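Structural overview for review
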Number of protein chains: 4
Amino acid sequence: MFKSIRTDLAMEARELAQEQSKYDIPGVRVDEVEPEEDIKITRVEVLSKKGEESIGKPIGNYITLEVPGIRDRDPEYEEHVKQHLANEIRRLVRLNDNSVILIVGLGNWNVTPDAVGPKVVDRLLVTRHIFEYVPDQVDDRMRRVCAVAPGVLGITGIETGEIVKGIVDKVKPDLVIAIDALASRKTERIGTTIQVADTGINPGSGIGNKRMGLTKETLGVPALAVGIPTVVYAHTIGRDAIEMLINEFAGQTTPQSEFYNMLQSLDENHLNQIVGEVLAEGLGDLVVTPKEVDILIDDVAGIIADGINLAVHNGLSMEDVNRYLH
Amino acid sequence: MFKSIRTDLAMEARELAQEQSKYDIPGVRVDEVEPEEDIKITRVEVLSKKGEESIGKPIGNYITLEVPGIRDRDPEYEEHVKQHLANEIRRLVRLNDNSVILIVGLGNWNVTPDAVGPKVVDRLLVTRHIFEYVPDQVDDRMRRVCAVAPGVLGITGIETGEIVKGIVDKVKPDLVIAIDALASRKTERIGTTIQVADTGINPGSGIGNKRMGLTKETLGVPALAVGIPTVVYAHTIGRDAIEMLINEFAGQTTPQSEFYNMLQSLDENHLNQIVGEVLAEGLGDLVVTPKEVDILIDDVAGIIADGINLAVHNGLSMEDVNRYLH
Amino acid sequence: MFKSIRTDLAMEARELAQEQSKYDIPGVRVDEVEPEEDIKITRVEVLSKKGEESIGKPIGNYITLEVPGIRDRDPEYEEHVKQHLANEIRRLVRLNDNSVILIVGLGNWNVTPDAVGPKVVDRLLVTRHIFEYVPDQVDDRMRRVCAVAPGVLGITGIETGEIVKGIVDKVKPDLVIAIDALASRKTERIGTTIQVADTGINPGSGIGNKRMGLTKETLGVPALAVGIPTVVYAHTIGRDAIEMLINEFAGQTTPQSEFYNMLQSLDENHLNQIVGEVLAEGLGDLVVTPKEVDILIDDVAGIIADGINLAVHNGLSMEDVNRYLH
Amino acid sequence: MFKSIRTDLAMEARELAQEQSKYDIPGVRVDEVEPEEDIKITRVEVLSKKGEESIGKPIGNYITLEVPGIRDRDPEYEEHVKQHLANEIRRLVRLNDNSVILIVGLGNWNVTPDAVGPKVVDRLLVTRHIFEYVPDQVDDRMRRVCAVAPGVLGITGIETGEIVKGIVDKVKPDLVIAIDALASRKTERIGTTIQVADTGINPGSGIGNKRMGLTKETLGVPALAVGIPTVVYAHTIGRDAIEMLINEFAGQTTPQSEFYNMLQSLDENHLNQIVGEVLAEGLGDLVVTPKEVDILIDDVAGIIADGINLAVHNGLSMEDVNRYLH
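Residues numbered from 1 in each chain as written. Chains lettered and ligands numbered in written order. Predicted model: local features only at pLDDT ≥ 70, side-chain atom pairs only at ≥ 80, totals over all residues. Heavy atoms only, no water.

1. Comments concerning the overall build of chain A
To be explicit about the condition: Per the convention used, a helix needs a DSSP run of H or I reaching at least four residues, while a strand needs a run of E reaching at least two, with both numbered from the N terminus. Note that the radius of gyration is over C-alpha atoms, with the globule rule given as 2.2 Å times the number of residues to the power 0.38. Two residues qualify as a contact provided that any one of their heavy atoms is within 4.5 Å of a heavy atom in the partner residue. Per-residue accessibility takes into account occlusion by the displayed protein chains alone, with areas from the Shrake-Rupley method and a 1.4 Å probe. Counting rule applied: Lys, Arg positive; Asp, Glu negative; His and chain ends not counted. Taken as the charge location is NZ of Lys, CZ of Arg, CG of Asp or CD of Glu.
Within chain A, the secondary structure is distributed over 12 helices and 10 strands. Its C-alpha atoms give chain A a radius of gyration of 21 Å, near enough to 20 Å, the size a compact globule of 326 residues would have. Its C-alpha atoms give chain A principal-axis dimensions of roughly 80 × 45 × 40 Å. In chain A, 73% of the contacts between residues at least 6 apart in sequence involve partners at least 24 apart. Counting every atom, chain A has about 12,900 Å² of accessible surface; 44% of that belongs to carbon and sulfur. Across chain A, the 34 positively charged side chains and the 52 negatively charged ones have centroids separated by 5 Å.

Below you can see the structure in the form of C-alpha cells.
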C-alpha cells in the first residue's frame, strides 16, 4: 500500500517493508542502540539480493543516527553527535596514514534544502595541499583530504557524475565520501537524522537530479555516502494524511458494512490519484521543507563537517579541528 | 470548514468564502477579464468592514493576474504579461513627473522561495541618484526611483519594518511599492499568479516573519504591494487531500447511513488534528515548494521587475528599459 | 611636499606633518605605548582648530593599534589583539546597561578590499531582538546591540548616509559604531593596523564613495569609527618611489651643483604630474592591494568583530561570545 | 632595463623587447589593423625558439584587441567588439558541427579582479546537455558547448589544473577555451584590452596562482586562452614612476657631467630595490586595480562571453544568443 512513498533512508524503507509483514524482512539485519539520551543509532545491513528487493536498497550497510536534540543547538550535545557520527563513519571505512580522501559535497547551492553538501565542503579540514606544498606544516595526525562541491554555481552542460569521475581519475583517492541532501518519509526527520552508507550514492537518490551514481562500480574506489533529510515529498504528506483518515474510519466501522467494503476497495493507484489532484502538474517535484530551512541547514552542515573531520583524520580533537580551521 | 487554510491571495480568500455561501459575498465586488489567451485578470474590491470580515482582507483593491503560460518561458508572452502588470499597477497609483517611488524587496535572500523581493530589486531601473548627481543624463520619461532589499544579509537585530520606516522618513517617497513572496492555497498558483494590492503589506502576511506592516497607516505614504505565491503551507496540502477523500466518500454514500453520519460528524478541529499528526512540530511552518524553485523565482522576478519598470516610469518601452539596465 | 599623499590614518597624517617640521605639531598630542611584543598603540589627540589644520583631521581622539603579528594567524596573539582593541574602544565610549548600540558595516560587498564592514557585521553578537522578543534569554552581561551593512547588495538610488540616518532616527541608539575600510600611506599597514576614532566617519574618508558623513553632527548621537587600511592609493606608491630616488640622488650630490639645483627645483605639482603619467585616467581611483586580499579581509574582520563584541557587552569573555555566536 | 616588469600580454612583451632594440625582434611577426574607430587589433606571431626567448612567450599566435571605448558602455560599440572578438577567435580555431567545446573560467570568485573567468562562464550559451537530453530542441547552428569555473567556492586541496584535466579526460572536448584575468604593464589596459592566444595558459601566467598550465601538451587537446588585464603589479607602477623621473633628468643633463654618470650607473637591481623599499613584504604580490573594479569586470565579462558565444556556435546572431540565454 505504501509503495508510492519515496524515501532515501534505508531505515524508513525497512520500516515500510516491516509494516506490511509480520515476519522479519529476509536478507536484512537490523541493530539498534541508544548510546545516550536523545541519540539513537540504527544499523541496517542489507545482506542479499532478497533483502535488496524487500527494501529497495542495494546490498551494504546503512547506519542512521537519530539526533532530534540538535534543534536545541546545545554545543555539548552537538559535540557528542559529532563524535558518534565520526565513530560510525570509521566502522565503515578502512584508512591508513597514507590514505587520500576526496569529499564531494553534492547539491545545488542556489536551492536552500539542496545546499547541505556545498556547505559541508566549506567547513572541512582540507589538507592535501599542505602535504604537497608545505609538508613540514603537516600535523602527524592529519591525512590527505581534498574536497569539491561540483554543483556550485559555474558548472554547466556537464553531469555532476562526469565531473566527480574525472577528478577521481586524477586525484586517485582511496576513499570518496559524498554528502547529499535526502528526502525522507516523515517531516520530523528533517534535519535530525543522519544516514551513513557504504553503498555510495545511487542514481536518482537524494533530492537533486543525479543521472549517474557515485558508487564503487562507477568510481573504481570505495564510496561512502553521508546524507541528511531536508525535505519530504509533498505527495508523501498527502498520502499520509489520507491514510490517517482511512485508519480512523476503519477503527470506527463494522466489518462487512457498506463502508467497510468501500474502504477495502481503495487501491494504491486510486489513493495516489486523489493526492495527485491536490498537487499541480508542470512544476516538477513538490517538496515540503521548513520555512526557516536555511538556519537548519547551516547547523547540520557544521555537525556533519566536524563528524567527517574527526573521522578521516587520525586522533584530532574538536579543539584541534577548530584551531586548524581558524 | 476551510478556515484553517492560509492564503495571502484575496482572490482565493474570496473563493473560499464563496464556497461556503450560495449568495454573493456582501461588501466584496469582483470583476474578471481575460484580455488575451492564458492571461486572466481578477479585480477584487473589498468595499466595507463587512467585506473585510467575510474574506479576511482589509478594505481596498486586490488585482490578480493568472498567467500560467510563464512556465513555458516564451519571451513574447512574457512581454505581454509585463505590459498587463504595468497597466494594473497604474490603475492603482497616481504618479506625476516629480514623484519619488521607493521600491522595497522584502524577503530573505538565503531562503530560495523567500528571495523574490531581493531579486526584483536587482533588476529595477533605479534612477534617483541620476536625478541628484548627473541630472543632464536623465531621460524625460524617467521618474525618481530608488530601491532597497532590507532582508538581505547584513541586517540583524532590527525589524524590517523599522528599517523601511526609517528610510521612508528620510527619502520621503510619494509611493512605496513592496514586493513579497506569498503563500497560496493551491500549488498550481506557485509562480503563475501575481497579486497587486493598494492596501500594502499587513503584519503576518507573506511567507517571511514580518511583525510590522507596510501600509499607508504605518508609513505615512501610499503603499502598493506586489506579491507572488512561491509556497503552499504543507497543512493546506494535507487538508486538501483529506477533503478530496471525504468528498469522494460522500458521493458514494446513502443519506442517513452509518457512514453518512460519521462524515457529518467530522469537524474542523478534528480534521486539522489529523493533518497535524502527519506534520512534525518544532520545525516551525512547513511549506511546499517546487524542487526547482530557484529557476522559477529567477523568471518571475524578471517579469515583476519589468512590469514595475514600465509602470513607474512614464512611457519607457521594454527596449528602453533593457538599454538603460545594460 | 607630501600633501598629495592620501591617508585615512590620523597617525600617518601626523607623521607626514612631523616630517615637514622639526617642532611638535601644535594642537596635537601624541602618546605611544607597547603593552606587549608586536602590539603598539598610538593615541593621537587633535586638541584644537590649529591641530585640525596641521594634520587635516577633525578635533577628537584617534587610537591606532599596530599589530603586524596578525599575519601569522596565531590564535593566542589574536586574542590579545581583540582584548586591546576592546579596551581602546571602551576608553572612547560611555555605555551603561540600558545602552543601545547600532553597528554599521560600511562598504561594498562586491569589491573585496571594501567588504570589511559587511564581514564584521556578519560576526557580531547581535542581541537587540533577544531583548525585545525573548527577554528571559538575555544574559545579564549583554547590552542591546543591532547591526546593519547598508552597502550590501540591494540598496540602490539611496545614499548610505540617508539609510543610516533613517535607521538611527528609528532605533535611537546611544552610540553608533561604524566600521570602514581605509586607505593608508604604506602597504605594510594593510591589514595590520586598526584605527579607532571618536570623530565618526567624515565625508570622503574610507575607500568607498561616501558623500555624507556619519558623525555626531549628522546623526545626533555619538559616533565611533573603527577602520582598517586595506588599500594604498597607487599614486602614493608612485610618489614614494620617486621620493626614494630623489633622496638617494640628494645624498650623492654636491650643494650648488647643476644637479643639486635641478633637484631643488622639483615641485609638488611636477612630481604629481610625473606619477599621473604612469596612471591611466578614466578608471577612477587606482588602488594597491594584496592579491590574496580576501583571506586577509576575512581574518581581520573576525578580529574587529570580536574586539567590538568584547567592548560593547559588559564582561563577556571570548568563550561566551563564541558560545552565543554558535 | 625593463626585465623586472611582469606582463601577461604578448603585445606588451614585444613592445618591451622592441624598446631595447632598434632592429626588428627576430622570430616575431607583428601585424596591426584598425578595422574601425577605437578598435585596434594587433596580431603577434612568435615563430621560433629565438622569438620565444626575445619576448618570453611560447611559439604561437597572440591576438590583442585594444578597445578603450568599452568604458563608455555604448551598446552599439560593444556589439562591434563582440563581433571582432568572435572573428579573431575563429581565426585561431578549427571547429565543425560535431565539435565539443569546453570553456574554463579560471580565477577566484572571492577576489574581484580575479573573478572575470567565473563571470564569463555565467553568461555562456551552454548546450551540451540539450544535445544529450532534449536533442529535438537543438538549433542547427548550435555546437556542443559545456563550461566550468573550477576556482569557484568549494574546491579545496586540489589544483585547478588537475580538475580541468580530469574533466577534459571525461568530456573529451575538441577544444578547450580558458578565460583568465591577466596582469598588464600599463593601467590604461585594464579592462580595455583582450588577448586571444592559441598557446593556452602557461604555469604562472594570469593573476591567480596556477601551478599547472592548460596547454595542448598538458590537456591533449588544443587550448585557446582568452585573457583580459584587470591588474598591474604595484612594482610596475613604482618602476614606471622612477623611469619617468630618470628620463626627465636625462633630458636635462649634459653628457659626461657628474649627474650624467650617476644616471648611467643605475642598474636594474638597484632600481628594483628602491621600489621594493616602498612595497611591504609578507603580503604576497601587491596589485593595482581600479576602486570600482566590480563594475568593469561585469561589463567586460559580458563582452567576452558574447564574443565566445558568437565564435563557437555556427552563425547565431546576438539576437539569437540573447533569446536562448533568456
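2. Considerations on the interface of chain B and chain A
Formally: Here's the idea: put two parts together, see how much 1.4 Å probe accessible area each one loses, and the total over both is what we call buried area. Put simply, a salt bridge is a Lys or Arg side-chain nitrogen that is within 4 Å of an Asp or Glu carboxyl oxygen. Each polar contact in these results corresponds to two N or O atoms within 3.5 Å; when the atoms are within protein, one needs to be able to donate a hydrogen and the other to accept it, and residues that are neighboring in sequence are counted only if both atoms are side-chain atoms. Each residue is assigned to one class: nonpolar for Ala, Val, Leu, Ile, Met, Phe, Trp, Tyr, Cys and Pro, charged for Asp, Glu, Lys and Arg, and polar for all the others, Gly among them.
Taken together, the contact pairs 52 residues of chain B with 53 residues of chain A. In this assembly, chain B packs against chain A so that about 4,500 Å² is buried in total across both faces, 65% of it on carbon and sulfur atoms. Summed over the three residues of chain B that lose the most area to chain A, namely B:V278, B:L283 and B:K291, the buried surface amounts to 17% of that side. Applying the counting criterion to the chain B and chain A interface returns 2 salt bridges. Across the pair A:D285 and B:K291 runs a salt bridge, and its minimum N-O distance is 3.3 Å. Here chain B and chain A share 17 residue pairs in polar contact (both at pLDDT 80 or more) between them. Of all the secondary-structure elements, those providing two or more residues to the side of chain B that touches chain A are α8 (234-252), α9 (258-265), α10 (268-278), β10 (286-290) and α11 (293-312) of chain B. Among the elements that take part in the side of chain B that touches chain A, α8(B) stands out by supplying 12 residues, more than any other. In the side of chain B that touches chain A, the residues fall into 27 nonpolar, 14 polar and 11 charged.

3. Re the relation of the copies chain B and chain A
We count it as follows: The copies were overlaid by least squares, fitting only the C-alpha atoms of residues that reach a pLDDT of 70 or more in each copy.
For the pair chain B and chain A, the superposition axis carries a translation of 0.0 Å, the fit reaches an RMSD of 0.0 Å, and the rotation angle comes to 180°. This pairing of chains is accounted for by a two-fold axis. For chain B, the minimum C-alpha distance to the rotation axis belongs to B:V288 and amounts to 2.2 Å. Of the interface residues in chain B, 100% have counterparts in chain A that sit at the interface too, so the contact is made through matching surfaces.

4. Observations concerning the domain arrangement of chain A
All names here are of chain A. Condition: Per the annotation, domain bounds derive from an automatic or database assignment of domains.
Domain boundaries assigned for chain A yield domain 1 (10-235 + 285-325) and domain 2 (236-283). Inter-centroid distance (C-alpha atoms) of domain 1 to domain 2 is 35 Å. Listed as interface residues are 9 residues of domain 1 and, on the opposing side, 10 residues of domain 2. Buried area between domain 1 and domain 2, summed over both chains or domains, comes out near 790 Å², and the portion from carbon and sulfur atoms is 60%. At the junction of domain 1 and domain 2, the tally comes to 0 salt bridges. If you look at where domain 1 meets domain 2, you find 9 residue pairs in polar contact (both at pLDDT 80 or more). For the side of domain 1 that touches domain 2, the elements supplying multiple residues, two or more each, are β9 (223-233), α8 (234-252) and β10 (286-290). Classifying every residue of the side of domain 1 that touches domain 2 by side-chain character gives 5 nonpolar, 2 polar and 2 charged.

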